[in-house]
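Summary of the model geometry
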Amino acid sequence: MRNEIVLDLETKRAPSNWGERDLASVGVSVVGTWFSANDQFRIFRESEISSELAPLLKAADRTIGFFITKFDLPVLQSYVDFDLGEL
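Residues numbered from 1 in each chain as written. Predicted model: local features only at pLDDT ≥ 70, side-chain atom pairs only at ≥ 80, totals over all residues. Heavy atoms only, no water.

Re the overall build of the chain
Across its full length, the chain carries 2 helices and 4 strands. Counting from the amino terminus, helix and strand elements in the chain follow one another as β-β-β-α-β-α. Here the C-alpha radius of gyration of the chain, 13 Å, is about what a compact globule of 87 residues would show, namely 12 Å. The C-alpha extent of the chain, read off along each of the three principal axes, is 40 × 25 × 25 Å. Sorting the 87 residues of the chain into buried and exposed places 34% on the buried side. In the chain, 57% of the contacts between residues at least 6 apart in sequence involve partners at least 24 apart. For the chain, the exposed surface amounts to about 5400 Å²; the carbon and sulfur share of it is 51%. For the chain, the distance from the average site of its 9 positive side-chain charges to the average site of its 14 negative ones is 1 Å. (Helix = DSSP H or I, 4+ residues; strand = E, 2+ residues; numbered from the N terminus. Rg over C-alpha atoms; globule rule 2.2 N^0.38 Å. Buried < 20%, exposed > 50% of the residue type's maximum accessible area, 1.4 Å probe, protein only. Contact = heavy atoms within 4.5 Å. Areas by Shrake-Rupley, 256 points an atom, 1.4 Å probe, with all protein chains shown as cover. Lys, Arg positive; Asp, Glu negative; His and termini not counted. Charge placed at Lys NZ, Arg CZ, Asp CG, Glu CD.)

Printed below as a string of structure tokens:
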């Protein structure tokens, strides 16, 4: 079975100018996830992203989300020490 993660995040605020898309500045409130490997849902708070969620994303075979490459991953990028664009 593939190790897939479905994720969606909620931000603390909207970008001040949607044209600029300074997504690193919006902050994360929570990231909701579902893991195919164990069929479990899990919520990660902002303080858990780099220590708990990041290793799981790195180990996943595939990361799935709505508008993930244009929004979710750019928002999460400032919380991890590897390029999320490679997922």
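Quick word on the pattern of salt bridges
Between side chains of opposite charge, a pair can form when the charged atoms approach closely. Under the definition given, this model contains 4 salt bridges. A salt bridge links Arg-42 to Glu-52, with the shortest nitrogen-to-oxygen separation between them at 2.2 Å. A residue pair is termed long-range when its members are at least 10 positions apart, and Arg-42 in strand β3 (residues 40–45) and Glu-52 in helix α1 (residues 49–59) qualify at 10 residues. Given the relative accessible area of 35%, Arg-42 is considered partly exposed. It is possible to trace a salt-bridge network through shared partners that takes in Arg-2, Glu-4 and Arg-62. (Salt bridge = Lys/Arg side-chain N within 4 Å of Asp/Glu carboxyl O.)

Here's the deal with the sheet that holds strand β4 (residues 62–64)
The mixed open sheet is built from 4 strands, whose spatial order is β3-β2-β1-β4. The sheet is open, and its two edges are formed by β3 and β4, each paired on a single side. Geometrically, the sheet is characterised by an average inter-axis angle of 25 degrees between neighbouring strands, direction not taken into account. Bridge analysis of strand β2 (residues 28–35) against β3 gives 6 bridges, and the strand direction is antiparallel. Within the sheet, the bridge partner assigned to Trp-34 lies in β3 and is Phe-41. Its contacts with the sheet place α1 against β1 (4–11), β2, β3 and β4, and it is angled at close to 140 degrees to β3. The strands touched by helix α2 (residues 68–76) within the sheet are β1, β2 and β4, with β1 carrying the most contacts at an inclination of about 75 degrees. (Pairing = 2+ DSSP bridges. Axes fitted to C-alpha atoms, helices over the stretch in contact; angles between N-to-C directions.)

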